[in-house]
Amino acid sequence: NYDRDLWGPFIGSRVPEADESSVIKNFSDYWMESWGVNLGAKTNDYDLDGLGNLLEYALGGDPTDGGNVGMPPVFQRDGNSFEYAHVVRNDDSDLEYTVQSSTNLVTGPWETASYTASSTNSVDPVFNGVSRWLPIQDTNAFYRLKVEQ
C-alpha cells in the first residue's frame, strides 16, 4: 500500500522512491494497487464484466465494478466504410492499442486491420479519442481492439 496521491500525466515508468520496492513499476501497476483490493494479474477479470484488468485500465474502467467498463470502442457505418472509434490513454506510453481483423471469429488468425484514414481528438485530460475508417469488405470481417503493454 502506498500513502501517496498519484497525479498525472505519467508517461512510461518511474524510479521507485527510497521507501518503495526497488522493482521499477509502470503506472498501470500503481493503478491496479490503488483499488484497495487484490485484483490479481493484469489478465484477470476481478469484477467479471468480461474485461481483463489491463483493458479496464486502458479504457478507463473500474475493475471493481462490473457495470463500469470505461469507454468501450464504438463501431458504426460511415458512408462506404466503417468507423472504429476507441480511446487511448495519453498518460502511459507503455500501452499499445491495435485494431485487429479476422475473417473467422472462432479460429482467427487475427491481424492488424488496414484502414484508409484515422483521426485523434482530446476526450479529457487522460484520454484521447482515435477513429479509424475501415473498408467495407465483401467477405465476413470481424474487428477487435487489442491492448498490450
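First, a word on what this report is: a plain description of the structure on this page.

Details of the sheet that holds strand 5 (residues 117–122)
Working step 1: Overall, antiparallel pairing links the 4 strands, which are arranged 1-2-6-5 in an open sheet. Among the strands making up the open sheet, the edge pair consists of strand 1 (74–78) and strand 5. Strand after strand, the sheet turns through a mean of 25° between neighbouring axes, direction not considered.
Working step 2: Both strand 5 and strand 6 (residues 127–135) contribute to a ladder of 6 bridges, which runs antiparallel. The partner of S118 across the bridge, within strand 6, is R132.

Considerations on the layout of surface pockets
Left-over empty space is what a probe sized like a water molecule reveals as it rolls over the atoms.
Working step 1: Roughly 240 Å³ of internal volume is contained in the largest pocket.
Working step 2: Forming the walls of the largest pocket are 13 residues, and the residues nearest its centre are L51, G52, L55, L145 and V147.
Working step 3: Among the elements of the structure, helix 2 (53–59) and strand 7 (142–148) are those that each provide at least two residues to the lining of the largest pocket.
Working step 4: For the lining of the largest pocket, the class distribution of residues is 9 nonpolar, 2 polar and 2 charged.

Quick notes on the packing of aromatic side chains
Working step 1: Applying the stated rule across the entire model yields 5 aromatic pairs.
Working step 2: With 4.9 Å between their ring centres and 25° between their planes, F75 and F82 make a pair best called stacked.
Working step 3: Accessibility expressed as a relative area gives 39% for F75, which makes it partly exposed.
Working step 4: Taking the relative accessible area as the measure of exposure, F82 reaches 23% and is therefore partly exposed.
Working step 5: One aromatic cluster is present, formed by F75, F82, Y84 and Y143 through successive ring pairs.

Re the pattern of salt bridges
Working step 1: Under the criterion given, the structure shown has 3 salt bridges.
Working step 2: For D91, the salt bridge goes to R89, with nearest N and O atoms at 2.9 Å. Considered together, D91 and R89 belong to a single accessibility category, that of buried residues.

Describing the nonpolar core
Working step 1: Core analysis: the largest hydrophobic core is formed by 22 residues, its most contacted members being L95, Y97 and L145.
Working step 2: Secondary structure elements with two or more residues in this core: helix 1 (27–33), helix 2, strand 2 (81–89), strand 3 (96–102), strand 6 and strand 7.
Working step 3: In this structure, L95 is in contact with L54, Y57, A58, R89, V147, E148 and Q149, ignoring residues within four places of it in sequence.

Calculation notes
Residues numbered from 1 in each chain as written. Predicted model: local features only at pLDDT ≥ 70, side-chain atom pairs only at ≥ 80, totals over all residues. Heavy atoms only, no water. Pairing = 2+ DSSP bridges. Helix = DSSP H or I, 4+ residues; strand = E, 2+ residues; numbered from the N terminus. Axes fitted to C-alpha atoms, helices over the stretch in contact; angles between N-to-C directions. 1 Å grid on protein atoms, 1.4 Å probe; cavity = no way out; pocket = protein on both sides within 12 Å on 5 of 7 lines; lining within 4 Å. Points joined across faces, edges and corners; volume = space filled by probe spheres on them. Nonpolar A, V, L, I, M, F, W, Y, C, P; charged D, E, K, R; others polar. Phe/Tyr/Trp six-rings, centres within 6.5 Å; stacked < 30°, edge-to-face > 60°. Buried < 20%, exposed > 50% of the residue type's maximum accessible area, 1.4 Å probe, protein only. Salt bridge = Lys/Arg side-chain N within 4 Å of Asp/Glu carboxyl O. Core = buried A, V, L, I, M, F, W, Y, C linked by side-chain atoms within 4.5 Å. Contact = heavy atoms within 4.5 Å.

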